[in-house]
Amino acid sequence: LPGVPRGVSRVVQVGADAALQGLLDAEADRYAPGPANPRSPAAAALTTARPVLLAELDADRLRSIAADDAHRRLLEAVAPQAILAVPLVARDRVL
């Protein structure tokens, strides 16, 4: 559509610890979902057009989804309990 930006954008990411929210927000662009990190839950959700729920996150799982070592350290600092990535789908098309 004319005038509508194309590509993937993160709608929201929320941490339970307000002190870490600033860190999440500061790194949001660096680790945005998309081709830069094909192992991310967001990439899987976009590729399959289905929600991805990671209900249990241990050190091995965080390592497997991190884009790089700095991203892994960020994930470890935030210590997510779960990750839910949901694609926006309309008429069988991922938007």
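Residues numbered from 1 in each chain as written. Predicted model: local features only at pLDDT ≥ 70, side-chain atom pairs only at ≥ 80, totals over all residues. Heavy atoms only, no water.

Points about the confidence of the model for the protein chain
Moving on, step 1. Taken as a whole, the protein chain shows an average pLDDT of 81; of its residues, 83% reach a score of 70 or greater.
Moving on, step 2. Mean pLDDT values over the elements of the protein chain span from 78, in helix α1 (residues 18-27), up to 95, in strand β1 (residues 52-54).
Moving on, step 3. Low pLDDT, under 50, characterises residues 1-5; the predicted model gives this stretch zero contacts beyond four residues in sequence or across chains. (pLDDT = per-residue confidence, 0-100. Helix = DSSP H or I, 4+ residues; strand = E, 2+ residues; numbered from the N terminus. Contact = heavy atoms within 4.5 Å.)

Some points on the environment of Leu95
Moving on, step 1. Relative to the helices and strands, Leu95 resides in the segment after β4 (93-94).
Moving on, step 2. With relative accessibility at 55%, the residue Leu95 sits in the exposed group.
Moving on, step 3. On a C-alpha basis, the gap between Leu95 and Leu46 in space is 8.9 Å, while along the polypeptide they are 49 residues apart.
Moving on, step 4. Once residues within four sequence positions are removed from consideration, Leu95 is found in contact with Leu88 and Ala90. (Buried < 20%, exposed > 50% of the residue type's maximum accessible area, 1.4 Å probe, protein only.)

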